[in-house]
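Notes for the structure review
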Amino acid sequence: MQGQITTIRGRIYAEETREPLAFANLYFGSTDYGFYSDFEGNFFYTTDSLKSDTLKCTYLGYLVNYVTLKKGESNVLEIEMKREIVQTGTVEIKLKYNPALKWIALAQDKRKENSPANLQQYECENFTKNIIALNNINEKLRRGKFGKELGSMFDTISYISGDKSKSILPVFISEVISDYYFNRNPFLTKEVIRASRLKGIGVQDGTFLSQLLGSSFVSYNFYDNTQVVIDKGILSPIAESAMAIYNYQLVNVDKSGPRRVFQIYCEPKNSKDLAFHGFVWIEDTTGALLRLSLELNNQSNINFLEKLRITQEYSRTESGAYFCVNTRAVVDAAELSTNAVGVVATITVTAKKVNTTTVHPPKFYESRVTMAPDATTKPDSFWNSNRHLAMNAAEARILSKIDTLLQMPRIRTYTDLANFLVDGYRNFGKIDLGPYYSLVSFNQLEGPRVRLGFRTSYKFSHKWHFEGFAAYGFWDQKWKYSLDAEYMLKRMRWRKIGLIYRRDVDQIGMTDNDNYATGLFTTFNLLGSNYVNLNRDFRMYFGTDLRNGLRVSLTAGNRYYQFTRVNSFNFAWYPVLPDTSVYSTNFTNSTLTLSIRYAPRYYFLANDYRRVTFSGIGPEYYGTVIQGVPGILNSQFRYTRIIAGINYNKVWGAVGRTMFNLEGSRVFGVLPYPLLTVYIGNQSFVYNPGAYNQMRIFEFITDRSVSGSIEHHLNGYLFNRVPLLRKLKWREIFATKAIYGTLAQKNFDIIPRNINTGSEYEPISQFKTFSTLPYWEVSAGIENILKILRVDAVWRLTYRNEPRVRNFGVKASIGLAF
């Protein structure tokens, strides 16, 4: 009806999750005319020449929805899109020349120029909103005892899905307002949490979650070649080598703006590869990536994920680079079985007040993620005035329902049980007891052993923290114990001072080394190992962050080593060489230790007294100097030990990720071998990435050495191309490790071959170092077997004719990974 104004407004959203569908295509009938929804799924369109009285609504992964329009009237629409289960295939390009490739090539050429990473610096105000809910709640569960306790809550919250047969139970909601700062050279970032409020089941203290749910952990820049998503590297559709992984198809051209915008569909050539499918919008001339709506689904070689959708919108800055102003990520975790409850999470990040000109000195970036003191106490009036996206009625109701859930006794019981299983400790007000997995154990010195530990909770004090344990061995009939007292001097820099007194059984080089002391590995090696001794350890320590990623620690310690014969293991040393008439089975060592660690791209988040490290992509440098101090508390040694190394984590996109380590060590002085560099072997069937898995325990000892290792995870890149294997979603691993070192003769001479006990000569356990060859092993493995199992075949390439060695072994480990 020419001349009559027809108005079309409303929103389009997913039926199951209520997720707004950004940049959805809305066409008039069977024509190519239409418009898009915006980032929030809203749309508004007016015309005096309506092309059709039918609106065709399309969105990748959803069934087409047709809506009838009234000509010459105002049409207010709520469009609900139903999920479509599709099998991904290959896009068939019928044209001799694929026009989409021209615009993808332009975006690739202009990628670095347009990237926000090209900015020397920027700062902005971010708003982050997170909602987590349970889905797939079946009728049987709703009618069970637990469902009856919830009463009518399933009915009252069905607004989330719009369908009472597909109820969703919200369990967490949060809002965070923060100021984010970036400096390119040197690479520095900082986020200041100005305001945070969250409610959720199992949330006891919001400080840690507020940091984790800030914008630092949901920032994706699709101008970069590779996106690191849940620890996997995934190629961007406009990455340099993306055409080798993706197929493309031009589906629409938007001519409404000053420049044409090309909507291009992309999908992986191999459906099992870790690659996105969805749409990107490329601007003519500039080649800028303006918008994207991309998805990973359960066809890809990734675990526990039904769907991951990322939607973004970029805006041009004054400098010419494009900046992401809107991001939404929807994660739908896959149910473990048909009747199991699933989890769906929605994370939204918006940016305002983008400033690309203000320069801050490096000192400004000293703490990467911090919180304002009043961040968690902001009133409703603050949120009403400052949140970027208004809270709708559905979200307000979520808040009230979570409050109701938190008051239910069964919910509190389930929450406490889950915390206990994950953390290992049971809370009793100001004291935690545990961990349960250390209550009973076994080793060759103590035999059966019982142990109970404790630690103070945050309710006890925000400054003081105490932790310890008591244990008893039934063979040696001796008590072991430990007490650690720690005081937080300055939380912002994680500046702490503390004292530790400990008397316990150790395996030299393993239980006192974080690289090897993993649960199963330590447990199984201790079960049959004779190389154990009783230690008394006293330490005073101080640690602080000097700047972003740079930490320094100082430790003064005194340790008494007491050795007794354990089966075939027998230790003794000459304390007053060249006099060999005097030997000892014990010694005391006092040390001063300086440790420096610099990880410029790592994140450290504080939770009560502990800090969680999130490994970044890039280098981590570390160095340690240990100085032996004789004469203090009966210490017997003057020596210097220096250790320096680098860890590097590199993500390559479709072909996986590589982890690299190089380390050098030097000891200056004469010492009994437990104080030298003891490289730990592995005589168990449990694989450990930090150990030498075909080396015997205590097989090689050095006072100067260099070691290196490379481990590459292909993420199924090869298996995905084998028809019979691709369905299993197995993943390939290849690794190699090598060490070479030497040992001065004086450190051999300090150990007797046997000792005269008066009644007999007892042999003393000997050791060796390397000859002219390094120790070298290689391995090939498969991970993600049944989603939890890793199996490695390990070959020992050198020192193959030594007694009691195994030149080949198969080892396994268990772990959950996406």
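Residues numbered from 1 in each chain as written. Predicted model: local features only at pLDDT ≥ 70, side-chain atom pairs only at ≥ 80, totals over all residues. Heavy atoms only, no water.

Within the protein one finds 11 helices and 44 strands. Across the 818 residues that make up the protein, the buried fraction comes to 52%. A separation of at least 24 residues holds for 64% of the contacts in the protein among residues at least 6 apart in sequence. Surface summary for the protein: the accessible area is close to 37,600 Å², and the carbon and sulfur share equals 56%. (Helix = DSSP H or I, 4+ residues; strand = E, 2+ residues; numbered from the N terminus. Buried < 20%, exposed > 50% of the residue type's maximum accessible area, 1.4 Å probe, protein only. Contact = heavy atoms within 4.5 Å. Areas by Shrake-Rupley, 256 points an atom, 1.4 Å probe, with all protein chains shown as cover.)

Moving on, we come to the packing of aromatic side chains. All told, the structure shown has 51 aromatic pairs when counted by the stated rule. Ring centres 5.8 Å apart and planes at 90° place the aromatic pair Phe382 and Trp383 in the edge-to-face group. Given the relative accessible area of 16%, Phe382 is considered buried. For the ring pair Tyr740 and Phe770, a centre distance of 6.0 Å and an interplane angle of 40° mean the geometry is tilted. Of this pair, Tyr740 sits in strand E39 (residues 731–742) while Phe770 sits in the loop between strand E41 (761–763) and strand E42 (775–785), and the two are 30 residues apart along the sequence. (Phe/Tyr/Trp six-rings, centres within 6.5 Å; stacked < 30°, edge-to-face > 60°.)

Moving on, we come to the pattern of salt bridges. Counted by the stated rule, this structure contains 33 salt bridges. Ionic pairing is found between Arg449 and Asp504, a salt bridge with its closest N-O pair at 2.8 Å. Here Asp504 lies in strand E27 (residues 495–507) and Arg449 lies in strand E24 (residues 447–456), a separation of 55 residues in the sequence. When sorted by exposure, Arg449 lands in the same class as Asp504, which is buried. Ionic pairing is found between Arg559 and Asp537, a salt bridge with its closest N-O pair at 3.1 Å. Taken together, the positions of Arg559 in strand E29 (residues 550–562) and Asp537 in strand E28 (residues 532–547) put the pair 22 residues apart, joining distant regions of the chain. For the pair Arg559 and Asp537, a shared accessibility class is recorded, and that class is buried. (Salt bridge = Lys/Arg side-chain N within 4 Å of Asp/Glu carboxyl O.)

Turning our eyes to something else, we now look at the side chain of Lys737. Residue placement: Lys737 occurs in strand E39. Glu777 provides the closest opposite charge to the buried, salt-bridge-free Lys737, at an N-O distance of 4.4 Å. From its side chain, Lys737 meets the backbone oxygen of Pro689 in a polar contact 2.7 Å long. Within the local environment of Lys737, its side chain forms a polar contact with the backbone oxygen of Ala691, the two atoms lying 2.5 Å apart. In this structure Lys737 touches Tyr687, Asn688, Pro689, Gly690, Ala691, Tyr692, Asn693, Gly708, Ser709, Tyr775, Trp776 and Glu777, once residues within four positions along its chain are discounted. (Lys, Arg positive; Asp, Glu negative; His and termini not counted. Polar contact = N/O pair within 3.5 Å; in protein donor to acceptor, adjacent residues only side chain to side chain.)

Now for the sheet that holds strand E9 (residues 169–183). Spatial strand order, E13-E14-E15-E16-E17-E18-E19-E8-E9-E10-E20: 11 strands in an open sheet with mixed pairing. Of all the strands in the sheet, just strand E13 (246–254) and strand E20 (369–371) have a single pairing partner and so form its edges. The average undirected angle you get between the axes of adjacent strands in this sheet is 20°. Relative to strand E14 (residues 261–268), E13 runs antiparallel, the two sharing eight bridges. Counted as the bridge partner of Gln249 is Tyr265 from E14. Helix H1 (residues 99–109) contacts E13, E14 and strand E15 (277–283) of the sheet and is inclined by roughly 95° relative to E13. (Pairing = 2+ DSSP bridges. Axes fitted to C-alpha atoms, helices over the stretch in contact; angles between N-to-C directions.)

What follows is about the pairing of E24. Pairing of strand E22 (residues 431–434) with E24 involves four bridges; the strand directions are antiparallel. Looking across to E24, one finds that Leu433 is bridged to Phe454. In this sheet, E24 lies alongside strand E23 (residues 440–443) in antiparallel orientation, the contact comprising four bridges. Looking across to E24, one finds that Phe442 is bridged to Pro448. Here E23 hands over to E24 after three residues, the two strands then running antiparallel side by side.

Counting residues in each nonpolar core, the largest one holds 52 residues, and the members touching the most others are Phe222, Tyr246, Phe276 and Leu289. Contact partners of Phe222, with chain neighbours within four places excluded, come to Gln227, Ser236, Pro237, Ile238, Phe276, Leu289, Leu292, Leu294, Ile310, Gln312 and Tyr314. (Core = buried A, V, L, I, M, F, W, Y, C linked by side-chain atoms within 4.5 Å.)

Here Val794 shows up in strand E43 (residues 789–796). With relative accessibility at 1%, the residue Val794 sits in the buried group. Not counting chain neighbours up to four residues away, the residues in contact with Val794 comprise Tyr687, Asn693, Gln694, Glu777, Val778, Ser779, Asn807, Phe808 and Gly809.

Strand order in this open sheet of four strands is E3-E2-E5-E6, and the pairing throughout is antiparallel. Two strands lie at the open edges of the sheet, namely strand E3 (34–36) and strand E6 (65–68), each paired on one side alone. Taking the axes of each pair of neighbouring strands and ignoring which way they run, one obtains an average angle of 20° across the sheet. In the sheet, strand E2 (residues 25–28) pairs with E3 via three bridges, with the strands oriented antiparallel. When the sheet's bridge partners are listed, Tyr27 is paired in E3 with Gly34.

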